[in-house]
Amino acid sequence: MSQGKVTDITSAQQFKEVITSAGASSLVICDFWATWCEPCTQLNQVFSQLAEQNSQATFLKIEAESVPELSEKFEVKAVPFFLFLQNSKSGVKVVDSLEGADAPELVKKVKAHVSALSVNPSTGSDQGKSTSDLNSRLSKLINYAPVMLFMKGKPEEPECGFSSKIVAILKKNNIKFGSFNILTDEEVRQGLKSFSNWPTYPQLYISGKLVGGLDIVKELDEEGELKNMIPPEAAAGSLEDRLKKLIAKENVMVFMKGSPAEPECGFSAKLVEILNKTGVKYGTFDILKDEEVRQGLKTFSNWPTYPQVYVSSKLVGGLDIIKELDEDGSLVSTLEGK
């Protein structure tokens, strides 16, 4: 199986073999789809791009109706459906899922799980990591983001009241933060207690240093001190505001490589050609001239590639989606916000 490629699964036996060959602690992402489902076709393209960009994980594509054993096993009730699996000593466990044609959310979930994987490499050993290896891993996790929260569940789905409240405080203050679900990794869950000498969760870290749990964060928030502790890169500020203003500059806004007169990649050139045929006015921004915007917009919109097209400040998608809208005759009405 090639790294960075999507493997088509045609039987339950092949699925079992691929999972086994992926190794212990590996991340396997499955795309359940159907030939008759048009949104699946669009998401399959995004899925393939993600596979090319994230070779640390194994990407599998499964036609739901052709391999009913797997669809039933994982309770696939609708497509597209994405399943995030992780190998462990006790077998394969489901760590996350996504139902529906939500490309930005798919990109976000893949990025989050691959990021966690990057600081959790498989050792291929049943003996576990030494204390020094575990401490090294914990240190990397703590410093993964300027503000890092170790919690039960995920920010969008907290699994305890304390975690839910601390997420609410961070969001209220517009603080950007990374997170780690300690329920998915018992080694981290127990190890971090000793590493930081803090017995409970959630735990909040800023610039690699422990702040504390919910009570301390609440107190800092009530006293107005929490915002002052946040490093500039984690504060919702200039870049986010700038991106919002750029996106809203024109009703139709295109972020591309080069300019309409001189596109600097084939995808941007093709997009300009299609848009020019519509006669709809659009604005552009050359992402090659501003690395901050180029990288920041990927995160802001959870879309990994360029060009990107926005209508009324909302992301429509990239070239593939624009081509499909053009082919089915709905492009002009989409661009006009109808």
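Residues numbered from 1 in each chain as written. Predicted model: local features only at pLDDT ≥ 70, side-chain atom pairs only at ≥ 80, totals over all residues. Heavy atoms only, no water.

Novice: Help me out: how do you make sense of the overall build of the protein chain in this one?
Specialist: Along its length, the protein chain carries 14 helices and 15 strands. The C-alpha extent of the protein chain, read off along each of the three principal axes, is 65 × 55 × 30 Å. Across the 338 residues in the protein chain, those meeting the buried criterion constitute 46%. Long-range pairs, those at least 24 residues apart, make up 66% of the contacts in the protein chain between residues at least 6 apart in sequence. (Helix = DSSP H or I, 4+ residues; strand = E, 2+ residues; numbered from the N terminus. Buried < 20%, exposed > 50% of the residue type's maximum accessible area, 1.4 Å probe, protein only. Contact = heavy atoms within 4.5 Å.)

Novice: Teacher, can you tell me more about the pairing of strand S13 (residues 283-286) here?
Specialist: Successive side chains on a regular strand alternate, one facing one side of the sheet and the next facing the other. Alignment of strand S12 (residues 252-256) against S13, held across four bridges, turns out to be parallel. Bridge pairing links Phe255 to Phe285 in S13. This β-α-β element, S12 to helix H11 (residues 266-278) to S13, shows right-handed connectivity. (Pairing = 2+ DSSP bridges. Right-handed = clockwise from strand over helix to strand, strands pointing away.)

Novice: Looking at this model, I keep getting lost on the layout of surface pockets. Mind explaining?
Specialist: To locate leftover empty space, one rolls a probe as large as a water molecule over the atoms. When its volume is computed, the second largest pocket comes out at roughly 500 Å³. Lining the second largest pocket are 26 residues, with Gln49, Trp303, Thr305, Gly317 and Gly318 sitting closest to its centre. Of all the secondary-structure elements, those providing two or more residues to the lining of the second largest pocket are helix H2 (38-53), helix H4 (103-118), helix H12 (291-301), strand S15 (314-317) and helix H13 (319-327). When residues of the lining of the second largest pocket are assigned to their parent elements, the largest contribution, five residues, is made by H2. (1 Å grid on protein atoms, 1.4 Å probe; cavity = no way out; pocket = protein on both sides within 12 Å on 5 of 7 lines; lining within 4 Å. Points joined across faces, edges and corners; volume = space filled by probe spheres on them.)

Novice: Just checking my understanding: could you explain the pairing of strand S11 (residues 209-212) for this structure?
Specialist: Where strand S10 (residues 203-206) meets S11, three bridges bridge the pair, whose relative direction is antiparallel. Looking across to S11, one finds that Leu204 is bridged to Gly212. The turn linking S10 back onto S11 is made up of two residues, and Ser207 within it adopts a positive phi angle of 55 degrees.

Novice: Just checking my understanding: could you explain the sheet that holds strand S6 (residues 147-151) for this structure?
Specialist: Sheet strands pair via backbone hydrogen bonds, and the direction of the pair is either parallel or antiparallel. If you trace the four strands from one edge of the open sheet to the other, you get S9-S6-S10-S11, paired in mixed fashion. Whereas interior strands pair on both sides, the edge strands pair on one side only; in this sheet they are strand S9 (178-181) and S11. Geometrically, the sheet is characterised by an average inter-axis angle of 25 degrees between neighbouring strands, direction not taken into account. Where helix H8 (residues 214-222) meets the sheet, its contacts fall on S10 and S11, and the angle it forms with S11 comes to roughly 80 degrees. (Axes fitted to C-alpha atoms, helices over the stretch in contact; angles between N-to-C directions.)

Novice: What is the right way to read a negative patch on the surface from this model?
Specialist: A contiguous patch of negative charge, built from Asp215, Glu219, Glu222, Glu223 and Glu225, is present on the exposed surface. As for its position among the elements, Glu225 is in the loop between H8 and helix H9 (226-229). Residue class for Glu225 comes out partly exposed when judged on its relative accessible area of 38%. (Patch = residues over 30% accessible without salt bridge, like charges linked within 9 Å, V, L, I, M, F, W, Y side chains within 5 Å. Areas by Shrake-Rupley, 256 points an atom, 1.4 Å probe, with all protein chains shown as cover. Salt bridge = Lys/Arg side-chain N within 4 Å of Asp/Glu carboxyl O. Lys, Arg positive; Asp, Glu negative; His and termini not counted. Charge placed at Lys NZ, Arg CZ, Asp CG, Glu CD.)

Novice: Which parts of the structure should I look at to understand the sheet that holds strand S14 (residues 308-311)?
Specialist: Strands sit in the order S13-S12-S14-S15 across an open sheet of four strands; the sheet is mixed. Each end of this open sheet is capped by a strand with a single partner; those strands are S13 and S15. Between one strand axis and the next, the sheet turns through 25 degrees on average, direction left out of account. By the bridge criterion, three bridges tie S14 to S15 in an arrangement that is antiparallel. Its bridge partner being in S15, Tyr310 is matched across the sheet by Leu315. Packed on one face of the sheet, H12 meets S12, S13, S14 and S15 and runs near 60 degrees to S14.

Novice: Is there a simple way to explain the confidence of the model for the protein chain in this structure?
Specialist: As a note on interpretation, predicted positions should not be read in detail where pLDDT is low. The share of residues in the protein chain with pLDDT of 70 or more is 92%, and the mean pLDDT across the chain is 87. Contacts of residues 120-129 to residues separated by more than four positions or lying in other chains number eleven contacts, the stretch itself having pLDDT below 50. (pLDDT = per-residue confidence, 0-100.)

Novice: Got a minute to help me understand the packing of aromatic side chains in this structure?
Specialist: Ring pairs (aromatic) are described by centroid distance and by the angle formed between their planes. Evaluated as defined, the whole model comprises nine aromatic pairs. Measuring from centroid to centroid gives 5.9 Å for Phe15 and Phe74, while their planes differ by 65 degrees, and the two rings are edge-to-face. Here Phe15 is found in helix H1 (residues 12-22), whereas its partner Phe74 is found in the loop between helix H3 (68-73) and strand S4 (81-88), with 59 residues between them in sequence. We note that Phe15, like Phe74, is buried. One aromatic cluster is present, formed by Phe15, Phe32, Phe74 and Phe81 through successive ring pairs. Here the basic side chain of Lys61 rests over the ring of Trp33, its NZ or CZ set 5.2 Å away from the ring centre. (Phe/Tyr/Trp six-rings, centres within 6.5 Å; stacked < 30°, edge-to-face > 60°. Lys NZ or Arg CZ within 6 Å of the ring centre and 35° of its normal.)

Novice: Before we go on, may I ask you to explain the packing of helix H6 (residues 161-172) against H8 in this structure?
Specialist: Two numbers describe a pair of packed helices, the interaxial angle and the distance between the axes. Close contact between H6 and H8 brings their axes to 10 Å; oriented N to C, the two are set at 25 degrees. Viewed along their axes, H6 and H8 adopt a mutual orientation that is roughly parallel. At the point where H6 passes H8, the crossing takes the left-handed sense. Residues Phe162, Lys165, Ile166, Ile169 and Lys172 of H6 lie in contact with H8, whose contacting residues are Leu214, Val217, Lys218 and Asp221. A breakdown of the residues in the contact of H6 with H8 according to their chemical character gives five nonpolar, no polar and four charged. (Parallel < 35°, antiparallel > 145°, perpendicular 65-115°, else oblique. Left-handed = near helix turned anticlockwise from the far one by under 90°. Nonpolar A, V, L, I, M, F, W, Y, C, P; charged D, E, K, R; others polar.)

Novice: Help me out: how do you make sense of the packing of H11 against H13 in this one?
Specialist: For the pair H11 and H13, the least separation of the axes is 10 Å and the interaxial angle reads 30 degrees. The angle between the axes of H11 and H13 places the two elements in the roughly parallel class. Crossing hand, H11 versus H13: left-handed. Note on element contacts: H13 touches H11 through Leu319, Ile322, Lys323 and Asp326, opposite Phe267, Lys270, Leu271, Ile274 and Lys277.

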